[in-house]
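In case you want the letters, here they are:
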Amino acid sequence: MEMLTIGAFAKACRLSPKALRLYDELELLRPARVDPETGYRYYAVAQLEQARLVAWLRRIGMPLARIRRVRALDDVSAAQEIRAYWARVEAETAARRELVAFLVDHLSYTPRKDTTMLELRYSALSDTGLVRPANQDTAHAGARVLAVADGFGPSGAPASTAAVEALKFLDGEPLPGGSVLNLLEDAARGAARAVQDAVGADDGTTLTALVWTGSQLGLVHIGDSRAYLLRDGELFRVTHDHTMVQSMIDEGRLTPEEATVHPQRTLLLKALTGAADTVVPDLRLCDALPGDRYLLCSDGLCTVVPDEEVRRLLDSAPAPDAAVRSLVEAAIDAGGPDNVSCVVADVAEATGGHRLG
């Protein structure tokens, strides 16, 4: 068997001797022979292909523990694992790109130059549906706070109620001073504590809420309830589901169509629960333009009513109260297998009066 010194092997596979020594210690790439007297490492020429694979995988940023798993697979399975890893990298990069864009917009934000005052016109509706014995959703639309929470477990209803009630103090004026993001983060922590105080460790709730600043909407999101924006007739999904199947879609392991029938499609990766776990919510700011229409909904709507139908119903409803009725009715007509809750809010030029309920 032809052998190479560690220096020659490092040069051939483009890994440094230091890296090779580390991979030996981690049992990721062991030398073919170690001189018992000098401790000098020797590698077989046949190991070059393995070493080059390790080098390539490190070059794309794959962690060593995952490289070890890849090396233990056959070629076809290794290719699938690499594809899944890279799909996740791209998904995480997209999320970071959104955060970077938000931070740039947030730090460079200047108040509207015109003097047009904006206000929200809103409505909320929640229904038990046709299958569930009780409604564990909570929906709220107030002067500054819009929220939907979808409870689960025996105490799901108290959990969702506690989460939303913890945000209602923001409906008062003025908003506490400081950054809106810090405000939302503090509010999310308060909701988490409220849920912990209200229910057992296995019960909990999602929470998706918007807080109106007068010119922007701050979003706090945990779980698989959703926020959508209808702007100029186009529907945009604002939130990203914190579910097992969504993570598998992000990794390229599932298609969106496969996810709809996956047995773990309701398994949440993030939620507010009675346990003392720390949950980091998604936070962002959304610029508001006159004519924008926002929708918050529990998954009782989006799992049975396609996005295109949601868009059509939102676009055709003359006012938020008509919109929430038509959306809930659509979910019921589709079988109503779950509780369904909707909050719709329109951004409009202020008329000087108060919104009618």
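Preceding block: the structure.
Residues numbered from 1 in each chain as written. Predicted model: local features only at pLDDT ≥ 70, side-chain atom pairs only at ≥ 80, totals over all residues. Heavy atoms only, no water.

Draft legend 1. Geometry of the packing of helix α1 (residues 6-13) against helix α3 (residues 48-59). Where α1 contacts α3, the two axes come as close as 9 Å, and the packing angle between them is 55 degrees. Judged on the interaxial angle alone, α3 and α1 are oblique. Seen from above, α1 lies across α3 with right-handed handedness. Across from Phe9, Ala12 and Cys13 in α1, the residues of α3 making contact are Leu48, Ala51, Arg52 and Ala55. Residue classes in the contact of α1 with α3 are distributed as 6 nonpolar, no polar and 1 charged. (Axes fitted to C-alpha atoms, helices over the stretch in contact; angles between N-to-C directions. Helix = DSSP H or I, 4+ residues; strand = E, 2+ residues; numbered from the N terminus. Parallel < 35°, antiparallel > 145°, perpendicular 65-115°, else oblique. Left-handed = near helix turned anticlockwise from the far one by under 90°. Contact = heavy atoms within 4.5 Å. Nonpolar A, V, L, I, M, F, W, Y, C, P; charged D, E, K, R; others polar.)

Draft legend 2. Quick look at the nonpolar core. Among the nonpolar cores identified, the biggest contains 26 residues, and Ala147, Ala163, Leu167, Leu170, Val195, Leu207 and Leu272 are the most heavily contacted of them. Put simply, the parts of the chain that give this core at least two residues each are β6 (145-152), α6 (156-165), α7 (180-198), β8 (207-212) and β9 (216-222). Looking at which element gives the most residues to this core, the answer is α7, with 9 residues. Formed by 24 residues, the second largest nonpolar core is a distinct cluster that contains Cys13, Ala19, Leu20 and Leu28. (Core = buried A, V, L, I, M, F, W, Y, C linked by side-chain atoms within 4.5 Å. Buried < 20%, exposed > 50% of the residue type's maximum accessible area, 1.4 Å probe, protein only.)

Draft legend 3. Expanded view of the state of the cysteines. Following the criterion strictly, the structure yields 0 disulfides and no others. In this model Cys286 remains outside any disulfide bridge; the closest cysteine sulfur is found in Cys297, 15 Å from its own. A residue is classified by how much of its surface remains accessible, and Cys286, at 8% relative accessible area, is buried. (Disulfide = S-S within 2.5 Å.)

Draft legend 4. Representation of the layout of surface pockets in the model. Its boundaries defined by the atoms lining it, the second largest pocket holds a volume of some 1,000 Å³. Around the second largest pocket, the lining comprises 33 residues; the ones closest to its centre are Asp224, Arg265, Thr266, Asp299 and Thr303. For the lining of the second largest pocket, the secondary-structure elements that each account for two or more residues are β6, α8 (244-250), α9 (256-259) and α10 (299-302). In the lining of the second largest pocket, the residues fall into 12 nonpolar, 11 polar and 10 charged. (1 Å grid on protein atoms, 1.4 Å probe; cavity = no way out; pocket = protein on both sides within 12 Å on 5 of 7 lines; lining within 4 Å. Points joined across faces, edges and corners; volume = space filled by probe spheres on them.)

Draft legend 5. Quick look at the packing of α1 against helix α2 (residues 17-25). As a packed pair, α1 and α2 sit with axes 9 Å apart at the nearest point and diverge in direction by 100 degrees. Considering their axes alone, α1 and α2 lie roughly perpendicular with respect to each other. Between α1 and α2, the residues in contact are Ile6, Phe9 and Ala10 and Pro17, Leu20 and Arg21, respectively. Residue classes in the contact of α1 with α2 are distributed as 5 nonpolar, no polar and 1 charged.

Draft legend 6. Structural view of the packing of aromatic side chains. Applying the stated criterion to the full structure yields 2 aromatic pairs. For the pair Phe9 and Tyr43, a centre-to-centre distance of 4.4 Å together with 10 degrees between the ring planes defines the contact as stacked. Taken together, the residues span a long stretch of sequence, with Phe9 in helix α1 and Tyr43 in strand β3 (residues 41-44) at a distance of 34 residues. Pair check on accessibility: Phe9 and Tyr43 agree, each one buried. Between Tyr40 and Tyr42 the ring centres are 5.6 Å apart and the planes differ by 65 degrees, which places this aromatic pair in the edge-to-face class. (Phe/Tyr/Trp six-rings, centres within 6.5 Å; stacked < 30°, edge-to-face > 60°.)

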